[in-house]
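Listed below are the residues making up each chain.
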Amino acid sequence: MKKAKSSGKARASSPARTAPGRGLNSASELPTVSGKWLLSAGATAIAAALLCAWGTLCILFWQGSWQLLYHPASAVTRTPASVNLPFESIGFAANAAGEPQLRGWWIPASSQARFTAVYLHGADGNLGDSLNALSRLHTAGLNVFAFDYRGYGQSHFAHPSQTRWREDADSALAYLTGTRHIPASAIVLVGRDLGANLALEVASAHADLAGVVLEAPLESPTAAIFNDARARLVPAHLLVRDRWQSPIAASNVLIPSLWFYWIPERSTELEQDKPEAYEKVPARKSLVWLTDSPDEPEQFMSALSRWIDRLPTPAH
């Protein structure tokens, strides 16, 4: 009986001796983190944050870069009635729901007018800022059809772009030929500033038009976008699709063209280099240098009238 008791005590005491040993082994096996791993993780987190910030900057530039070139105004504060011109307000280029996407003005000349001018205004403002130009064309004996691109004036709101401007100009031509039944050979494109660059591109794709008048087209329109300081932080040429490559368009113009440029009053025509785009045009062309002087309106009208008189009589 005494042996049995001692044996039992021995069995009971053995777990008590091994338990402390197990605790010591567990503590010695806890994982440790190296400083190199911490530095690597921190650098990765910083790089990810910078990449997200750069990606956000790219998105913001892509969404807002158009504002560096295009400056539309929605309020049309003046109409042709402001300068005593008869006109009709026109809505055209309807969408699938039948809603006109573009708004413009039809300004008729006399019933003897041979040609109709499609006026393409520049990147600033809207039609209300073009009344002087429209009045000149009307005085020259032209019917005038002028409109606002999408995003301008009373036309449907959309961010302006080169592609949309091209679509809107083609819609204007389709309206004149399809709805008013004016033959393409009786239509003259007239553009000013960036609108002149647009007129050049449209003319390059429509050899059936009567001619194109270009008032001071811009040499490098997209410089306003790509030379901006923010453009150096992002892949701007991948984010922006507008190019406005006038020399390329000019090389495909097969209709008569009249080019106007304004120079300082003290300068002379001999001091001016001919624009690259003008040099590229293979068809009949005329270049007129004007000065900001009291004689400028008369010089402009005289050159325009002579050029119109030389255009072939349109086929009806």
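Residues numbered from 1 in each chain as written. Predicted model: local features only at pLDDT ≥ 70, side-chain atom pairs only at ≥ 80, totals over all residues. Heavy atoms only, no water.

**Here's the deal with the nonpolar core**
Link 1 in the chain: Ranked by size, the top nonpolar core spans 58 residues in total, and within it Tyr-70, Val-118, Phe-145, Trp-165, Leu-189 and Trp-259 carry the most contacts.
Link 2 in the chain: It is helix α5 (residues 194-205) that provides the largest number of residues to this core, a total of 7 residues.
Link 3 in the chain: For Trp-165, the contacting residues outside a window of four places in its chain are Tyr-70, His-121, Gly-122, Ala-123, Tyr-149, Tyr-152, Pro-160, Leu-194, Gly-195, Leu-198 and Trp-244.
Link 4 in the chain: Within the second largest apolar cluster, 29 residues are counted, among which are Ile-107, Leu-142, Ala-146 and Leu-290. (Core = buried A, V, L, I, M, F, W, Y, C linked by side-chain atoms within 4.5 Å. Buried < 20%, exposed > 50% of the residue type's maximum accessible area, 1.4 Å probe, protein only. Helix = DSSP H or I, 4+ residues; strand = E, 2+ residues; numbered from the N terminus. Contact = heavy atoms within 4.5 Å.)

**Here's the deal with the environment of Gly-191**
Link 1 in the chain: You can see Gly-191 is positioned in strand β7 (residues 187-192).
Link 2 in the chain: Since its relative accessible area comes to 0%, Gly-191 is described here as buried.
Link 3 in the chain: Taking C-alpha positions, Gly-191 is 8.2 Å from Val-118, a pair spaced 73 residues apart along the chain.
Link 4 in the chain: When near neighbours in sequence (up to four residues on either side) are disregarded, Gly-191 contacts Leu-120, Ala-196, Ala-199, Val-213, Leu-214 and Glu-215.

**A closer look at the pattern of salt bridges**
Link 1 in the chain: Applying the stated criterion across every chain, the model contains 7 salt bridges.
Link 2 in the chain: Put simply, Arg-136 and Glu-296 hold a salt bridge, and the shortest N to O gap is 2.7 Å. Taken together, the residues span a long stretch of sequence, with Arg-136 in helix α3 (residues 131-139) and Glu-296 in helix α10 (residues 296-309) at a distance of 160 residues.
Link 3 in the chain: Residue Arg-136 is classed as partly exposed on the basis of its relative accessible area of 22%.
Link 4 in the chain: Judged by relative accessible area, Glu-296 falls into the buried class, the value being 9%.
Link 5 in the chain: Close ionic contact of Glu-167 with Arg-150 constitutes a salt bridge, the shortest N to O distance being 2.7 Å. Of this pair, Glu-167 sits in helix α4 (residues 162-178) while Arg-150 sits in the loop between β6 (143-147) and α4, placing them 17 residues apart in sequence.
Link 6 in the chain: Assessed through its relative accessible area of 40%, Glu-167 is described here as partly exposed.
Link 7 in the chain: Here the salt bridges share partners, and the residues they tie into one network are Arg-150, Glu-167 and Asp-168. (Salt bridge = Lys/Arg side-chain N within 4 Å of Asp/Glu carboxyl O.)

**Points about the packing of aromatic side chains**
Link 1 in the chain: Scanning all chains against the criterion turns up 17 aromatic pairs.
Link 2 in the chain: Taken together, the aromatic side chains of Tyr-70, Phe-92, Phe-145, Phe-147, Tyr-149, Tyr-152, Trp-165, Tyr-175 and Trp-244 make up a single cluster linked through ring pairs.
Link 3 in the chain: When the ring centre of Phe-300 is taken as reference, the NZ or CZ atom of Arg-136 above it lies at 4.4 Å.
Link 4 in the chain: The aromatic ring of Trp-106 is capped on one face by Arg-180, whose charged end is 4.3 Å from the ring centroid. (Phe/Tyr/Trp six-rings, centres within 6.5 Å; stacked < 30°, edge-to-face > 60°. Lys NZ or Arg CZ within 6 Å of the ring centre and 35° of its normal.)

**Comments concerning the sheet that holds strand β2 (residues 88-94)**
Link 1 in the chain: As summarised here, the arrangement of the 8 strands in space is β2-β3-β6-β4-β7-β8-β9-β10, forming an open sheet in which the pairing is mixed. The strands lining the two open edges of the sheet, one partner per strand, are β2 and β10 (285-291). The sheet shows a mean angle of 20 degrees between the axes of neighbouring strands, direction not considered.
Link 2 in the chain: Sheet analysis places strand β4 (residues 116-120) next to β7, joined by 5 bridges and oriented parallel. Paired with Thr-116 across the bridge in β7 is Ile-187. (Pairing = 2+ DSSP bridges. Axes fitted to C-alpha atoms, helices over the stretch in contact; angles between N-to-C directions.)

**Digging into α4**
Link 1 in the chain: Over its 17 residues, α4 extends 24 Å from the first C-alpha to the last, a length consistent with the 24 Å expected when each residue adds 1.5 Å.
Link 2 in the chain: For α4, the set of buried residues is Gln-162, Trp-165, Asp-168, Ala-169, Ala-172, Leu-173, Tyr-175 and Leu-176. On an axial view of α4, the arc spanned by its buried residues comes to 155 degrees, and they lie on one face.
Link 3 in the chain: Buried positions along α4 lie against β2, β3 (100-107), β4, β6, β7 and α5. (Expected span 1.5 Å × (residues − 1). Arc of directions from axis to C-beta.)

**Some remarks on the pairing of β4**
Link 1 in the chain: The element β4 is extensively covered by neighbouring structure, given that 5 of its 5 residues are classed as buried.
Link 2 in the chain: Pairing of β4 with β6, which is carried by 4 bridges, proceeds in the parallel orientation. Paired with Val-118 across the bridge in β6 is Phe-145.

**A few points about the pairing of β7**
Link 1 in the chain: Within β7, 5 of the 6 residues are buried, which leaves the element mostly enclosed by the surrounding structure.
Link 2 in the chain: Judged from the 5 bridges that link them, β7 and strand β8 (residues 211-215) form a sheet pairing that is parallel. Looking at β8, one finds that Val-188 is bridged to Gly-211.
Link 3 in the chain: You can see the chain leave β7, run along α5 and come back into β8, and the turn it takes is right-handed. (Right-handed = clockwise from strand over helix to strand, strands pointing away.)

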